[in-house]
Amino acid sequence: LNADLVKTWDNGYALTGGALQTDFGVFVKLKQDGEIEFYKKYDPYPGLQYQPRKILETPDGFLLSGFKSMQTYDLQVFLMKTDKQGNFLWEKTYGEPGIREVMGSLVKIDDNQYVIGASKAKHPGIPPYTPNNMWSKAWLIKVDSLGNMTGSSESEFSDQAGIVGLQRLPDGWLYGTARFEIQEQYEWGTRSKVVRTGEDIKDVLWERYISSTT
């Protein structure tokens, strides 16, 4: 199940995603003519499900980011570094137990600064739903070239659900997200929007809704 496809510096291609009906993530490098250069899978130990979502090439390898799970409702964001042949070098994980953290964007600022756009959410479990047992937030994670977190910011509760299509602007960020809404005790939905913020994503400069609540 492909999640991202990028052109590499050698005019080939790289793609990543999950393998259907398995728990491991895959990373595939293609030559310019589409022939497979390497196929790697990442499956550290049984019960851990890997879902790579984005690729960035670096001078000495690749960065893969996505989310992984130990249990159905416990997801965490990861950033993995490989060499140019896709061999695993290191991995960093971001999040906390009991919260669903899902990665949506990966952006390079410079050779030592990267930003991950993600969401934090509390799964509601069994209805009825209330703001106390069900919420979501957008989460902006800043890391260095070794994956060490250097800063982060979060949206207000339930005002944003994730970060996709993240774009760096001179004085802030532009991205797609959704507002989380509880419709009634047994029904909830989200309403898609585009948001422009300052450096801290709580500082919303403007937003435009682009869908009804679904």
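Relevant structure appears above.
Because the structure is predicted, anything quoted here is derived from the model rather than measured.

Undergrad: Any chance you could explain the overall build of the protein chain here in plain terms?
TA: Per the secondary structure count, the protein chain includes 0 helices and 16 strands. Here the protein chain has a C-alpha radius of gyration of 18 Å; the compact-globule value for 214 residues is 17 Å, and the two agree. By its C-alpha atoms, the protein chain is 50 × 40 × 30 Å across when sized along the principal axes. Taking all 214 residues of the protein chain together, the buried fraction comes to 46%.

Undergrad: How should the sheet that holds strand S13 (residues 164-169) be read in this particular structure?
TA: Two orientations exist for strands paired in a sheet by backbone hydrogen bonds: parallel and antiparallel. The 4 strands are arranged S13-S14-S15-S16 in an open sheet whose pairing can be described as antiparallel. Every other strand in the sheet has two partners, leaving S13 and strand S16 (204-209) as the edge strands with one partner each. Between one strand axis and the next, the sheet turns through 35° on average, direction left out of account. Note: S13 against strand S14 (residues 172-184), 4 bridges, orientation antiparallel. Among the inter-strand pairings, Gln-167 is bridged to a residue of S14, identified as Leu-174.

Undergrad: Could you clarify how one ought to interpret the nonpolar core in this entry?
TA: Note that soluble globular proteins tend to have their nonpolar side chains buried in a common cluster. Counting residues in each nonpolar core, the largest one holds 14 residues, and the members touching the most others are Val-77, Leu-79, Tyr-94, Ile-116 and Ile-141. Elements represented by at least two residues in this core include exactly strand S7 (74-82), strand S8 (88-94), strand S9 (100-110), strand S10 (113-122) and strand S11 (135-143). Within the second largest apolar cluster, 11 residues are counted, among which are Phe-38, Leu-48, Tyr-50 and Phe-78.

Undergrad: I'm lost on the sheet that holds strand S12 (residues 149-154) in this one. Help?
TA: What the 4 strands build is an open sheet, ordered S9-S10-S11-S12; its pairing is antiparallel. Each edge of the open sheet is held by one strand with a lone partner, namely S9 and S12. For this sheet the average axis-to-axis angle between neighbouring strands, irrespective of direction, equals 20°. Looking at chain direction, S11 and S12 are connected through 5 bridges and run antiparallel. Bridge pairing in S12 places Val-143 opposite Met-149.

Undergrad: Teacher, can you tell me more about the pairing of S8 here?
TA: The side chains of a regular strand alternate between the sheet's two faces. Bridge count between S7 and S8: 6 bridges; the pairing is antiparallel. Within S8, the position partnered with Lys-81 by the bridge is Trp-90. Count of turn residues in the S7/S8 antiparallel hairpin: 5 residues, of which Gly-86 carries a positive phi of about 80°.

About the thresholds
Residues numbered from 1 in each chain as written. Predicted model: local features only at pLDDT ≥ 70, side-chain atom pairs only at ≥ 80, totals over all residues. Heavy atoms only, no water. Helix = DSSP H or I, 4+ residues; strand = E, 2+ residues; numbered from the N terminus. Rg over C-alpha atoms; globule rule 2.2 N^0.38 Å. Buried < 20%, exposed > 50% of the residue type's maximum accessible area, 1.4 Å probe, protein only. Pairing = 2+ DSSP bridges. Axes fitted to C-alpha atoms, helices over the stretch in contact; angles between N-to-C directions. Core = buried A, V, L, I, M, F, W, Y, C linked by side-chain atoms within 4.5 Å.

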